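Chain and residue survey
Given next are the chains, with one letter for each unit.
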Amino acid sequence: MAINESKEHVLRFRVANIGFLNIKKGSKKIETRAATSRFRKIEKGDMLVLSCGKEKLKKQVLSVKRFESIPALFKTYRLKDVMPEKKSIEEATLAYYSYHGYEEKIKKFGLIAFKLKS
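What counts and what doesn't
- Residues numbered from 1 in each chain as written.
- Predicted model: local features only at pLDDT ≥ 70, side-chain atom pairs only at ≥ 80, totals over all residues.
- Heavy atoms only, no water.
- Patch = residues over 30% accessible without salt bridge, like charges linked within 9 Å, V, L, I, M, F, W, Y side chains within 5 Å.
- Areas by Shrake-Rupley, 256 points an atom, 1.4 Å probe, with all protein chains shown as cover.
- Salt bridge = Lys/Arg side-chain N within 4 Å of Asp/Glu carboxyl O.
- Lys, Arg positive; Asp, Glu negative; His and termini not counted.
- Charge placed at Lys NZ, Arg CZ, Asp CG, Glu CD.
- Buried < 20%, exposed > 50% of the residue type's maximum accessible area, 1.4 Å probe, protein only.
- 1 Å grid on protein atoms, 1.4 Å probe; cavity = no way out; pocket = protein on both sides within 12 Å on 5 of 7 lines; lining within 4 Å.
- Points joined across faces, edges and corners; volume = space filled by probe spheres on them.
- Helix = DSSP H or I, 4+ residues; strand = E, 2+ residues; numbered from the N terminus.
- Nonpolar A, V, L, I, M, F, W, Y, C, P; charged D, E, K, R; others polar.
- Phe/Tyr/Trp six-rings, centres within 6.5 Å; stacked < 30°, edge-to-face > 60°.
- Lys NZ or Arg CZ within 6 Å of the ring centre and 35° of its normal.

**Observations concerning a positive patch on the surface**
Taken together, Arg12, Arg38, Lys41 and Lys56 make up a surface patch of like positive charges. Take Lys41: its relative accessible area is 56%, and that puts it in the exposed class.

**So, the layout of surface pockets**
In this structure, the largest pocket encloses a volume near 520 Å³. Residue lining of the largest pocket: 26 residues in total, with Glu31, Thr32, Arg33, Tyr99 and Tyr102 positioned closest to the centre. Of all the secondary-structure elements, those providing two or more residues to the lining of the largest pocket are β1 (8-13), α1 (18-25), β2 (30-34), α2 (37-40), α5 (89-98) and α6 (102-109). Tallying contributions element by element places β2 first for the lining of the largest pocket, with four residues. Residue classes in the lining of the largest pocket are distributed as eleven nonpolar, six polar and nine charged.

**Some words on the packing of aromatic side chains**
If you walk through the whole model with that rule in mind, you get three aromatic pairs. Ring geometry for Tyr99 versus Tyr102: centroids 5.6 Å apart, planes at 65°, classification edge-to-face. The buried category is assigned to Tyr102, whose relative accessible area is 13%. Just above the ring of Phe13 sits the side chain of Arg33; from NZ or CZ to the centre is 4.9 Å.

What follows is the structure, given as structure tokens:
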């Protein structure tokens, strides 16, 4: 692979996922995941192939930041850019913890945030 050549990474969403829909309409600018080794490989300039059921869209990664915790994430990014449908950080935290195993993964690995190109 040539220097500065971007890579593609597939990120899957549950069918009819609000996060996917918000990225598609442009209201969600930051995609987050637990910062496991799989997601730590993603770098600035890479392409994310966002997959939700049969629908796919591509977004370029403008920046990547890691955070130790959910509160640390929201000291840097606005709630409406990460989870536009949530009204509070507490609501967002409950949403993260609703994903299977996510509370433990976030405590162990932290979060990684990808700023997406519009």
